[in-house]
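# Overview (structure and organization)
One letter stands for each residue in the lines below.
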Amino acid sequence: MINDVVYLFNMNGEKLFNMERAYRTICHSKVEDIINSGIISDESAFRQYATSGHNPRKFVSFDENRLNKIKNDTHFRNRMAGKFGITQIQEGTFDSSDSENVNRIVKFLCKKGMIDPVNDDPVEVEGARKWM
């Protein structure tokens, strides 16, 4: 611990702080927010894929602003779908029946997908914070 920040060298610390339960709770809450936004096609498939595998951990960095932006701005949603290879059933609704598509949606909403400023292509990132 340095300056009120705890640094862990491996994932074993999750058990110490009971983090698994915490990020699963966050995940389920945010998945329901996404479902209620009306941007996905298959609620049960989305719930199944988004809450399994490594996805629950990703929701710790969920960005509510990204969800609001794609929920309220159809043009932006369509542009991001094209950029990140997210298939749409109809304009404005993401196909959530495919696990790979759900993974792309989750990565975008949880700041694990960004646009490379040099070649304007999507890239997968560990995390991001505001440029200082």
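Below, the structure is looked at part by part. (Residues numbered from 1 in each chain as written. Predicted model: local features only at pLDDT ≥ 70, side-chain atom pairs only at ≥ 80, totals over all residues. Heavy atoms only, no water.)

Here we come to the overall build of the protein. Secondary structure assignment for the protein yields seven helices and four strands. Shown N-terminal to C-terminal, the secondary structure of the protein runs as helices and strands in the order α-α-α-α-α-α-β-β-α-β-β. The C-alpha radius of gyration computed for the protein amounts to 16 Å, which stays within 12% of the reference 14 Å derived for 132 residues, consistent with globular compactness. On the principal axes, the C-alpha backbone points of the protein span a range of 50 × 40 × 20 Å. Counting the 132 residues in the protein, one finds 33% classified as buried. A separation threshold of at least 6 residues defines the contact pool for the protein, and within that pool the share at least 24 residues apart is 55%. Of the roughly 8,700 Å² that the protein leaves accessible, carbon and sulfur atoms contribute 50%. With 19 positive and 19 negative side-chain charges, the protein shows a spacing of 4 Å between the two charge centroids. (Helix = DSSP H or I, 4+ residues; strand = E, 2+ residues; numbered from the N terminus. Rg over C-alpha atoms; globule rule 2.2 N^0.38 Å. Buried < 20%, exposed > 50% of the residue type's maximum accessible area, 1.4 Å probe, protein only. Contact = heavy atoms within 4.5 Å. Areas by Shrake-Rupley, 256 points an atom, 1.4 Å probe, with all protein chains shown as cover. Lys, Arg positive; Asp, Glu negative; His and termini not counted. Charge placed at Lys NZ, Arg CZ, Asp CG, Glu CD.)

For R77, the location among the structural elements is in helix 6 (residues 74-84). Buried charge without a salt bridge: R77, with D73 as the nearest opposite-charge side chain at an N-O distance of 7.5 Å. Residues contacting R77, with those up to four places away along its chain left out, are I39, I70, K71, N72, Q88, G92, T93 and F94. (Salt bridge = Lys/Arg side-chain N within 4 Å of Asp/Glu carboxyl O.)

Quick look at the packing of aromatic side chains now. Enumeration according to the criterion identifies two aromatic pairs in this entry. Judged by centre distance (6.0 Å) and plane angle (25°), the rings of F59 and F62 are stacked. Per residue, the accessibility class of F59 equals that of F62, and both read buried. Seen from their ring centres, F84 and F108 are 5.3 Å apart, and the 55° between their planes marks the pair as tilted. Linking F84 in helix 6 with F108 in helix 7 (residues 99-109), this pair joins segments that are 24 residues apart in sequence. Between R66 and the ring centre of F108, over which it is positioned, the NZ or CZ distance is 5.0 Å. (Phe/Tyr/Trp six-rings, centres within 6.5 Å; stacked < 30°, edge-to-face > 60°. Lys NZ or Arg CZ within 6 Å of the ring centre and 35° of its normal.)

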